[in-house]
Amino acid sequence: MKKQWIGMALTIMITMTAGAQVGDTEREEFVDSLIQRMTLEEKIGQLTLFTSDWASTGPTLREGYKQDIQSGKCGNIFNAHTAAYNRKLQQMAVEETRLGIPLLFGYDIIHGYKTIFPIPLAEACSWDLGLIEKSARLSAREAAAGGLNWTFNPMVDITYDPRWGRIAEGSGEDPYYSSKVAAAKVKGYQGKKLEDPLTLAACMKHFAAYGAAEAGRDYNTVDMSERRLREIYLPPFKASIDAGVATVMTAFNELNGIPATGNKFLFREILREEWNFKGMVVTDYTSIEEMVNHGYAQDEKHAGELALNAGIDMDMQSAAFYNYLAKSLEEGKVTMSDINSSVKNVLMLKYDLGLFDDPYKYIDETREENIILSQEMKDHALESAMQSIVLLKNEKFNGSELLPINTNTGKTIAVIGPLADNQTDMLGTWHAAGVDSEVVTLMKGLRKKFPNAQFNYAFGGGFEGNDQSGFMEAIEVAKQSDLVIMALGENYRQNGEAASRSNIDLPGPQKELIKEIYQTGKPVISLVMAGRPLTIGWMDENIPAIVYAWHLGTRAGDAIAEVLSGDYNPSGKLVCTFPRNTGQIPIYYNHKNTGRPFDADNKYTTRYLDIPNEPLYPFGYGLSYTSFEYDDLELDKEEITFGEKLQVSVKVTNTGNRRGEEVVQLYVRDLVGSVTRPVKELKGFKKISLDPSETKHVMFSLTPDDLRFYAKDMNYVAEPGDFKVFAGGNAIEVLEADFKLVE
Ligand code: GLC
């Protein structure tokens, strides 16, 4: 049977091209005409998103999703992929339903599809927006070749709390930098045209403030001032909207007493009215029905009404719309106008993806064969992983350099720890359909890079409990070696969703393991591979060389070997503050000064009795195998008016003996405001390369717009007064200069 919407589309095309404006109007006309033909049940089907039974990314699975597709009661699927399988499902929708409306295929492409790049928190440490955009672009290309057309990314949640496992998925604690990363990812995933079959519709998530869950406990309560919401948590979302993100996902948490999924302030006032977002809003996994648990909805039917009335378009996995929306409409609890508006948002997305032109355009087995796990993908995975590695410490041991290790070394090297010869955990959290058999392990990478070395491996100890039965073997292996490389950290399940940790030490018996190895007196280099900052204070005090290697994905072992050998000079800089212990959390660089700022000579100042205020490692911190010196921070004016720019220049010199990259950071401080202001705020950064002895004058410009904040009256303005500007290689070691903003 010829699909009715094809005939309708042809009718519109003829009408429109007869002298009318083709483009947006055609899009609108097509969708509006399709909606007019739809039954209520078909409309509700377009507002329904079910998971396939291929993967479970939440607490429920449904039987019968295929039957729901065939009956038109489910118009969107996630967690289904490969060209072959998605072709089958698409045929059910297109060939077997009355109107043949194509399916959306969503998936969590968070840092790759089958070729896996570093977890987002790691890649953000590259401070290379081009690299980050390319990762998203390649991820989209590979995933689209796998039959997908929608990713549930970028995750743009700011957090100050490394106990929260989803810190792994974001870009750290700073709103300015996270906004730049969010925009880069949206552009990478979506490309220039959504209809390009090698791009994906992106989805910014989780709106909003999910990263502020109390106590770092996932799904926990969020309660904050509107000022903090707008200054810290919303900017990356606004940047995603400005970059053209196609969809938005709700957060699980409540915000100030109202669950995000039913929160009109977020979805009607801010997203639609203030930001003029025209795209589509999807809930998180069963988050509609969870409003019953929140104590905000009487039952699932009421929850569905609250969600639709708050501006939510699509229900992921609750089946609240599926089960109750028709009845709610009959009872006048929701309006047909709102239902039509949500259906329109869904169909406009499908139109923009080109699915009405060709429902199978994302499904091409030949393309799948050529693109997935291609050499180009693997080459980029290596580049991204190398730039994500952060050198935290590199001191001599008994007078000699430990890092980098000469590639011709003939030493006997012990590689000890649960992440030394491990493929799956290198992929990290949310590794989608990542192929662990493709992962280059640390052992494999080291053996390739150091062909003359003799490597001895020992597991040592695991990720849970306190089983120390592997210690003896590890100690023996260490004693028989000239050098020890520890490979410690978390497995991929110990971070990400539903993976909060109350204690963020090295897990299992690993803390004890490294102390035993340290007692052998051998030189030790420690690698830490994790999805969050870990409290590694003992390691920082006792181990001469520490490399933070996160979970780096498919080319993890090669990237680490490149850095340990010095063939790649590490350039990564932290995007989240590392606490000394859990008691310091929340700890972040852009904090307030308080009325009693810390003074070592005065007891009555803001401090702890047992530890310093400073973090273990600050925001923006990372070492190199060379060194950089900052001089001559110069401003072109002492004061600027509201119509002027301030030019800032700082001289950076490579004072070491090898070429290196440095992320030069620019911060400002507003000394007095109508509300208190942070002691620093990042306002610029530049990643530069310098040869030995080379000097560059790095230039930044600041305008009054860069100095805006939500003042006492909540207007977003800059206020005249005294300011400081800082420049340096991290948030603490900076040069400073003063300037004024004057009327
Ligand atoms: C999960 C996550 C969300 C993800 C979704 C679909 O619960 O919260 O980030 O995109 O469900 O898998």
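Computed from a predicted model, the values in this text were never measured in an experiment. (Residues numbered from 1 in each chain as written. Predicted model: local features only at pLDDT ≥ 70, side-chain atom pairs only at ≥ 80, totals over all residues. Heavy atoms only, no water.)

A. Molecular detail of the overall build of the protein chain. Of regular secondary structure, the protein chain possesses 22 helices and 26 strands. Taken against the 2.2 N^0.38 rule, which gives 27 Å for 743 residues, the C-alpha radius of gyration of the protein chain at 27 Å falls within 12% of a compact globule. Along the first, second and third principal axes, the C-alpha atoms of the protein chain reach 80 × 65 × 50 Å. The buried share among the 743 residues of the protein chain stands at 61%. If you take every contact in the protein chain between residues at least 6 apart in sequence, the share linking residues at least 24 apart comes to 78%. Side chains of the protein chain give 77 positive and 103 negative charges; the mean places of these two sets differ by 1 Å. (Helix = DSSP H or I, 4+ residues; strand = E, 2+ residues; numbered from the N terminus. Rg over C-alpha atoms; globule rule 2.2 N^0.38 Å. Buried < 20%, exposed > 50% of the residue type's maximum accessible area, 1.4 Å probe, protein only. Contact = heavy atoms within 4.5 Å. Lys, Arg positive; Asp, Glu negative; His and termini not counted. Charge placed at Lys NZ, Arg CZ, Asp CG, Glu CD.)

B. Structural context of the sheet that holds strand β19 (residues 646-654). On the basis of which strands lie adjacent, the open sheet formed by 3 strands has the order β17-β19-β22 and antiparallel pairing. Two strands in the sheet have a free side with no partner beyond their single neighbour: β17 (628-635) and β22 (695-702). Across the sheet, the axes of successive neighbouring strands diverge by a mean angle of 20°, strand direction being ignored. Bridge count for β19 against β22 is 8 bridges, and the pairing is antiparallel. (Pairing = 2+ DSSP bridges. Axes fitted to C-alpha atoms, helices over the stretch in contact; angles between N-to-C directions.)

C. A look at the pattern of salt bridges. For the structure shown, the criterion picks out 39 salt bridges. The closest approach of N and O atoms between E331 and K333, which form a salt bridge, is 3.2 Å. The exposure class of E331 is partly exposed, given its relative accessible area of 33%. The closest approach of N and O atoms between E662 and K573, which form a salt bridge, is 3.0 Å. Highlighted residues: E662 in strand β20 (residues 660-670) and K573 in the loop between α22 (556-565) and β17, separated in sequence by 89 residues. Each member of the pair, E662 together with K573, is buried. (Salt bridge = Lys/Arg side-chain N within 4 Å of Asp/Glu carboxyl O.)

D. View of the packing of aromatic side chains. Using the criterion set out here, one finds 31 aromatic pairs in the structure. Ring geometry for W127 against F619: centres 5.8 Å apart, planes inclined by 65°, an arrangement best described as edge-to-face. A residue pair is termed long-range when its members are at least 10 positions apart, and W127 in the loop between α6 (120-123) and α7 (129-145) and F619 in the loop between α22 and β17 qualify at 492 residues. Residues W127 and F619 agree in their burial class; the two are buried. An aromatic cluster is present here, built from W127, Y176, Y177, Y589, F619, Y667 and F685 joined pairwise through their rings. Here the basic side chain of K603 rests over the ring of Y604, its NZ or CZ set 5.8 Å away from the ring centre. Lying over the aromatic face of F726, K680 brings its terminal NZ or CZ to 4.9 Å of the ring centre. (Phe/Tyr/Trp six-rings, centres within 6.5 Å; stacked < 30°, edge-to-face > 60°. Lys NZ or Arg CZ within 6 Å of the ring centre and 35° of its normal.)

E. Examining the pairing of strand β15 (residues 524-529) more closely. Counting buried residues in β15 gives 6 out of 6 residues, a clear majority hidden from the surface. Burial along β15 is two-sided: V524, S526 and V528 facing one way and I525, L527 and M529 facing the other are all buried. The pairing of strand β14 (residues 483-489) with β15 spans 6 bridges and is parallel. Along β15, the bridge assignment pairs A487 with L527. Chirality of the crossover, the property in question, places the unit of β14, helix α20 (residues 510-519) and β15 among those that are right-handed. (Right-handed = clockwise from strand over helix to strand, strands pointing away.)

F. Looking closely at the domain arrangement of the protein chain. In terms of domain boundaries, the protein chain breaks down into domain 1 (2-368), domain 2 (377-584) and domain 3 (628-741). Taking only C-alpha atoms, the centre of domain 1 and the centre of domain 3 are 37 Å apart. Each partner contributes to the interface: domain 1 provides 11 residues, whereas domain 3 provides 14 residues. With both sides pooled, the region where domain 1 packs onto domain 3 buries about 1100 Å², and carbon together with sulfur makes up 65% of that total. The largest contributions to the domain 1 side of the interface with domain 3 come from W127, Y176 and R227, which together make up 57% of the buried area. Inspection of the domain 1/domain 3 interface yields 1 salt bridge. Run the count over domain 1 and domain 3 and you get 5 residue pairs in polar contact (both at pLDDT 80 or more). Those elements giving two or more residues to the side of domain 1 that touches domain 3 turn out to be α8 (175-190) and α9 (226-233). The element best represented in the side of domain 1 that touches domain 3 is α9, accounting for 4 residues. For the side of domain 1 that touches domain 3, a count of residues per class yields 4 nonpolar, 1 polar and 6 charged. (Domains from an automatic or database assignment. Buried area = accessible area lost by both parts, 1.4 Å probe. Polar contact = N/O pair within 3.5 Å; in protein donor to acceptor, adjacent residues only side chain to side chain. Nonpolar A, V, L, I, M, F, W, Y, C, P; charged D, E, K, R; others polar.)

G. Inspection of the sheet that holds strand β2 (residues 76-78) at higher detail. In space, the 5 strands of this open sheet follow the order β4-β3-β2-β1-β10, with parallel pairing throughout. One side of each edge strand has no neighbouring strand; the edge strands of this open sheet are β4 (150-151) and β10 (315-316).

H. Representation of the site of the ligand in the model. The full set close to the ligand counts 14 residues, and T57, D108, R166, H206 and D284 are the nearest of them. Here D284 contributes a side-chain N or O atom positioned 2.6 Å from an oxygen atom of the ligand. Here the ligand has 310 Å² of accessible area as a free molecule, and 100% of this is covered by the chains. When its residues are assigned to classes, the shell around the ligand shows 7 nonpolar, 2 polar and 5 charged. (Near = heavy atom within 4 Å. Areas by Shrake-Rupley, 256 points an atom, 1.4 Å probe, with all protein chains shown as cover.)

I. Here's a closer look at the packing of helix α11 (residues 264-274) against helix α13 (residues 300-310). In contact at an axis separation of 8 Å, α11 and α13 are set at 20° when each is read in the N-to-C sense. As summarised for this structure, α11 and α13 are arranged roughly parallel, according to the angle between their axes. Where α11 crosses over α13, the two elements pack in a sense that is right-handed. Packed against α11, whose contacting residues are K264, F267 and R268, the element α13 presents L308, N309 and A310 at the interface. Residue classes in the contact of α11 with α13 are distributed as 3 nonpolar, 1 polar and 2 charged. (Parallel < 35°, antiparallel > 145°, perpendicular 65-115°, else oblique. Left-handed = near helix turned anticlockwise from the far one by under 90°.)

J. Expanded view of the side chain of H380. Note on placement: H380 falls in helix α17 (residues 375-388). A polar contact is formed between the side chain of H380 and the side chain of S135, at a distance of 2.7 Å. If we skip the residues at most four places from it in the chain, H380 touches F117, L131, K134, S135 and L138.

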